[in-house]
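# Examination of the molecular architecture
What follows is the residue order along each chain.
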Amino acid sequence: MFHDKAGYFFELFIGGLTKGSIYALIALGYTMVYGIIELINFAHGEIYMIGAFTALITAAALTAFGVTHPLVLVSVSGITAVVYASAYGYTLEKVAYKPLRNAPRLSPLISAIGMSIFLQNFVLLAQTSNYIPFPNLIPPLPFLEPVSHIMGTVDFIILCTTAVIMILLTFLIRKTRIGTAMRATAQDKTMARLLGIDVDRIISFTFITGSALAAVGGVMVGSKMGQINFYIGFIAGIKAFTAAVLGGIGSIPGAVLGGLILGWTESFGTGYLTSDYEDVFAFSLLVLILIFKPSGLLGRNTTPKV
Amino acid sequence: MNPILNVRQLTMDFGGIRALARLDLTVNHGEIAALIGPNGAGKTTFFNCVTGLYVPTSGDVFIHATPEKSVRINGMKPHRVTRAGLSRTFQNIRLFKEMTALENVMIGRHCRTHAGIFGAFFRNRATRDEEQRIIHDSYRLLEIVGLEDQVNFRALNLPYGDQRKLEIARALAAEPRLLLLDEPAAGMNSQETRDLTSLILKIRDEFNIAILLIEHDMKLVMTLSERIFVMDYGRKIAEGTPEDIRTNPDVIRAYLGEDSHA
């Protein structure tokens, strides 16, 4: 098979881009929540995992009822996953973080780790620790046939979906009434309250949005990998967290940039050096960034709030 | 005399310290009143209790939307107090520094607008009309405070006096019936203070609202206020016209100390 250098490079490039977009999708959830309440939501990866499981279960149920049309299957299970994961995210905030809103910063962090462990084990008990095959929800697109060795249908869908979501999210935050309220809440919660913004609602909305993005990521990774288990959220969560820190936590373009850089680092590292050290490349990059630019690539050097 | 704000026996304890002690206070519709007193007298605590940042230990705070209808607002969440018709500014400027002047004022209109998430994406007629209205109203407010040439400046790039004005414009955007100003002239030079004095009068006349201000600049207080409340150690020690206050022996004692015979 013909395999020139440029082709190989391009293949790795696309692979990194796909992977990076998923990291970015999940990283957005971390960074948005951090921007608003300065909390690292360690249970975010679990929301992603729950999104993937919801899609799997919905698709299985639909198939059992005789629904086989791929478009129906994809949209119904995707939407169910998004709704279900959002409900989890919303509840998570209400149960584990809201009561600790005025507690020292370490308390909600511990609570987040606790929720992460709880949700992992909850799914472990319900779904066993085995890898469960994820149905191939996305039928192959005929026009991608000639380039299928570089970019598969799933990769293509991942890239398109992520791009659309990023544009919508940017629009939401920059231009809409609720997005402006989110930015105001991030900058000064007390003042936002006094201007008539229901801060609790904005925080809930942030968790819902972040969880929806994570669920989309979960469904797409499930389709790409073909199998999922209760532990996928942990690894993906740590990677996405790395991406968020890399780009500058709290910064939305930073999360996207961090995700892509992380994806490419892993892809090129494994492709040109060795595939055994995928995680080593990712975390070495994190260490380097933290040494040379602790606030992240697009993070702002902020003076502490007075 | 239509009261707009009615405070009865308001008490606020922090642990063993009584910051406000059975405070009675009424602000009437369309009136400019001032709350003065030495540092630590409890003036800002009073503002915080009234705007919902603190939940008072006891007592009542009422806002009269109309002479017949009043809302009890103590213990209400701050954003609901704002909706009930009360806006404030802070001693230290609290603008959204990274946003433009226009955006700051637009956020102030948040509680008077409705567009939800669906409207934001589908951009139906109602949403677009509302957006146009918000922008139009916000421009007008910036014009009134004299910032029409700085609408797209980021708040942190505005000079100090203009930041103060922007804060007032933002507070007005919520369509308050009563505006609370916490030391609006703090840090201003005498020219800026004079401008502020005429701005406050202009706002009262243009919007027909009541204004209650905390201020240490006695010249500004005496020029503007129709009524003055004096606080010391969490109690109200005097109330009256600027003339009454100037000659009140209790006030003089609070400001100058127990033994003075000023």
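Residues numbered from 1 in each chain as written. Chains lettered and ligands numbered in written order. Predicted model: local features only at pLDDT ≥ 70, side-chain atom pairs only at ≥ 80, totals over all residues. Heavy atoms only, no water.

### A word on the pattern of salt bridges
Oppositely charged side chains are able to pair whenever their charged atoms sit close together. Across all of its chains, the model carries 31 salt bridges over all chains by this definition. For Glu98(B), the salt bridge identified is with Arg154(B), shortest N-O distance 2.7 Å. You can see Glu98(B) sitting in the loop between strand E6 (86-88) and helix H3 (101-108) and its partner Arg154(B) sitting in the loop between helix H5 (125-145) and helix H6 (160-173), a full 56 residues away along the chain. The salt bridge involving Arg204(B) is made with Glu226(B); its shortest N-O contact spans 2.8 Å. A residue pair is termed long-range when its members are at least 10 positions apart, and Arg204(B) in helix H7 (residues 190-207) and Glu226(B) in the loop between helix H8 (218-224) and strand E9 (227-232) qualify at 22 residues. Overall, Glu226(B) belongs to the partly exposed group, its relative accessible area being 35%. Each of Glu93(A), Lys94(A), Lys98(A), Arg101(A), Asp200(A) and Lys77(B) takes part in one network of salt bridges that share partners. (Salt bridge = Lys/Arg side-chain N within 4 Å of Asp/Glu carboxyl O. Helix = DSSP H or I, 4+ residues; strand = E, 2+ residues; numbered from the N terminus. Buried < 20%, exposed > 50% of the residue type's maximum accessible area, 1.4 Å probe, protein only.)

### Thoughts on unusual backbone geometry
Backbone geometry at Glu38(A) places phi at a positive 50°, although glycine is not the residue there. Turning to its location among the elements, Glu38(A) is positioned in the loop between helix H1 (5-37) and helix H2 (44-64). By relative accessible area, Glu38(A) is classed as partly exposed at 35%. Phi at Arg22(B) is positive, roughly 45°, even though this residue is not glycine. Secondary-structure assignment places Arg22(B) in strand E2 (residues 17-28).

### Observations regarding the interface of chain B and chain A
For interface size, the figure often reported is the accessible area lost on association. Each side of the interface is counted separately: chain B has 27 residues, and chain A has 25 residues. Regarding the contact of chain B and chain A, the summed buried area is about 2500 Å², with carbon and sulfur atoms giving 65% of it. For the pair chain B and chain A, the number of links is 3 salt bridges. One can count 7 residue pairs in polar contact (both at pLDDT 80 or more) joining chain B with chain A. Those elements that provide at least two residues to the side of chain B that touches chain A are helix H2 (78-84), H3 and helix H4 (117-122) of chain B. The element contributing the most residues to the side of chain B that touches chain A is H2(B), with 4 residues. Classifying every residue of the side of chain B that touches chain A by side-chain character gives 11 nonpolar, 7 polar and 9 charged. (Contact = heavy atoms within 4.5 Å. Buried area = accessible area lost by both parts, 1.4 Å probe. Polar contact = N/O pair within 3.5 Å; in protein donor to acceptor, adjacent residues only side chain to side chain. Nonpolar A, V, L, I, M, F, W, Y, C, P; charged D, E, K, R; others polar.)

### Structural notes on the sheet that holds E2(B)
Residues and elements named next belong to chain B. With antiparallel pairing, the 4 strands of this open sheet are ordered in space as E2-E1-E4-E5. Each edge of the open sheet carries a strand with a single partner, namely E2 and strand E5 (70-72). Adjacent strand axes in the sheet meet at a mean angle of 20°, parallel and antiparallel pairs treated alike. As defined by bridge partners, strand E4 (residues 58-64) adjoins E5 across 3 bridges and the pair is classed as antiparallel. What sits directly across from isoleucine 63, in E5, is valine 71. (Pairing = 2+ DSSP bridges. Axes fitted to C-alpha atoms, helices over the stretch in contact; angles between N-to-C directions.)

So far we have only geometry, and geometry alone does not tell us how the molecule works.
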